[in-house]
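Here is what each chain is made of, one letter per residue.
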Amino acid sequence: MIGKQPLHRLVIIALAALALPASALPAAAADAIVVASKIDTEGALLGNLAAEIIEANGLPVRRRIQLGPTNIVRAALLAGQIDIYPEYTGNGALFFHRETDPVWKRAAAGYAEVKQRDADANRLVWLAPAPANNTWVIAIRADLAGLPPGKCLGDLAGYLVHGGRFKLAASAEFVESPAALPAFEATYGFQLRADQLLTLSGGNTAATLRAAAEGTSGVNAAMAYGTDGELAALGLNALCDDKAAQVVYAPAPVVRQAVLQQYPQIAAALAPVFASLDLTTLQELNARIAVAGEDAAAVARDYLKSKHLLP
């Protein structure tokens, strides 16, 4: 996540090579549903899941998986050059310039808000979201003494008050941006000292998670995103944000209204797929791609077959 504003990695990635104007993309084929996705690992997974299940329902599909960062994919959808892609509810704050609205910190309310706004303004339909949240989290080692797995950030605050050993690996942006670590600290009433931080260059959570897993420089915690595959692979546990310090980023398919009117079965086909994608499931599937190196399309097909959603 490069940033919610600009932290969330699924918003705008500064890759000049991908910064194609929407007009440079080919128009959607009249006889095929163009399924696209963002460029990151989870985008590839979700895009392939959507493409596979739509195709399995007898509908023609053309894939534009890993088309680009959010700005490119969103522009292509608005221009009618793609028909459907997986987006995140919390990005509605950016799309509609309502970054300070607390509605985005409540899963159901944030989904309802972006669904209504995109329908009214853009004739886009947000289908049922997954019960997962790909937002900032603080993850700890499972063996962190005095703070067993399954705890929340309030437990961390108590642990710190009692002198618990804690050192967080994070990017400078995470440490300094008001939306990230300072939001956690203000919400839960703790303050990390300089010696409790290992600040790494860049915003790659793979590096921070690796530092925590390996205990680099005494690190036993890391900035992460809720559905990071490395969490499951490295045995790290995300502390729950039960006081809603962070915006909720629930993945959901977004489709052009005209396409859904032509193929109304898309909604029913995708509903059980996204309903099955809880936090642990997404972590495990992302790990197969990002850590084990499996092909995203193959992982998507295998998962759908395991859930008896594909023949």
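The paragraphs below set out a description of the structure included in this document. Because the structure is a prediction, the values reported are computed rather than measured.

### With respect to helix H7 (residues 181-188)
Regarding H7, the residues found buried are Leu181, Ala183, Phe184, Glu185 and Tyr188. Contacts from the buried residues of H7 go to strand S7 (136-141), helix H5 (153-161), strand S8 (168-171), helix H6 (172-176) and strand S9 (197-200). One or two positions beyond H7, positive phi appears at Gly189, with a value near 70 degrees.

### A look at helix H8 (residues 205-214)
Among all positions in H8, only Thr205, Thr208, Leu209, Ala211 and Ala212 are buried. For H8, the arc enclosing every buried residue in end-on projection is 155 degrees, short of the 170-degree limit, so these residues lie on one face. Elements in contact with the buried residues of H8: S7, S8, S9, strand S10 (221-225), helix H9 (229-234) and strand S11 (236-238). Where H8 begins, the side chain of Asn204 points an oxygen toward the backbone nitrogen of Ala206, at a separation of 2.9 Å.

### Brief notes about the packing of aromatic side chains
Counting across every chain of the model gives three aromatic pairs. A centroid spacing of 6.3 Å and a plane angle of 45 degrees characterise the contact between Phe174 and Phe184, whose relative ring orientation is tilted. Within this pair, whereas Phe174 is found in helix H6, its partner Phe184 is found in helix H7, the two being separated by 10 residues in sequence. In terms of burial, Phe174 and Phe184 fall into one category: buried. By the ring-pair criterion, three or more aromatic residues cluster together here, those being Trp136, Phe174, Phe184 and Tyr225. Directly above the aromatic system of Phe95 lies the positively charged group of Arg74, at a separation of 4.0 Å from the ring centroid.

### Brief notes about the side chain of Asn134
Along the chain, Asn134 turns up in the loop between strand S6 (124-126) and S7. Taking the relative accessible area as the measure of exposure, Asn134 reaches 0% and is therefore buried. In terms of polar contacts, Asn134 uses its side chain to reach the side chain of Thr227, at 2.9 Å.

### Side note on the packing of helix H12 (residues 279-290) against helix H13 (residues 296-306)
For the pair H12 and H13, the least separation of the axes is 9 Å and the interaxial angle reads 140 degrees. Judged by the inter-axis angle, H12 sits oblique to H13. Relative to H13, the crossing made by H12 is right-handed. Here Thr281, Leu285, Arg288 and Ile289 of H12 lie close against H13, whose contacting residues are Ala296, Val299, Asp302 and Tyr303. Residues of the contact of H12 with H13, tallied by class, amount to five nonpolar, one polar and two charged.

### Regarding the state of the cysteines
Counting across every chain of the model gives one disulfide. Between the sulfur of Cys152 and that of Cys240 lies a disulfide, 1.6 Å long from S to S. Here the S-S torsion is close to 75 degrees, and the disulfide linking Cys152 with Cys240 is therefore right-handed. Taken as a pair, Cys152 in the loop between S7 and H5 and Cys240 in the loop between S11 and strand S12 (251-256) lie far apart in primary sequence, 88 residues in all. We classify Cys240 as partly exposed; its relative accessible area is 30%.

Parameters and conventions
Residues numbered from 1 in each chain as written. Predicted model: local features only at pLDDT ≥ 70, side-chain atom pairs only at ≥ 80, totals over all residues. Heavy atoms only, no water. Buried < 20%, exposed > 50% of the residue type's maximum accessible area, 1.4 Å probe, protein only. Helix = DSSP H or I, 4+ residues; strand = E, 2+ residues; numbered from the N terminus. Contact = heavy atoms within 4.5 Å. Arc of directions from axis to C-beta. Polar contact = N/O pair within 3.5 Å; in protein donor to acceptor, adjacent residues only side chain to side chain. Phe/Tyr/Trp six-rings, centres within 6.5 Å; stacked < 30°, edge-to-face > 60°. Lys NZ or Arg CZ within 6 Å of the ring centre and 35° of its normal. Axes fitted to C-alpha atoms, helices over the stretch in contact; angles between N-to-C directions. Parallel < 35°, antiparallel > 145°, perpendicular 65-115°, else oblique. Left-handed = near helix turned anticlockwise from the far one by under 90°. Nonpolar A, V, L, I, M, F, W, Y, C, P; charged D, E, K, R; others polar. Disulfide = S-S within 2.5 Å.

Nothing here speaks to function; it is geometry throughout.
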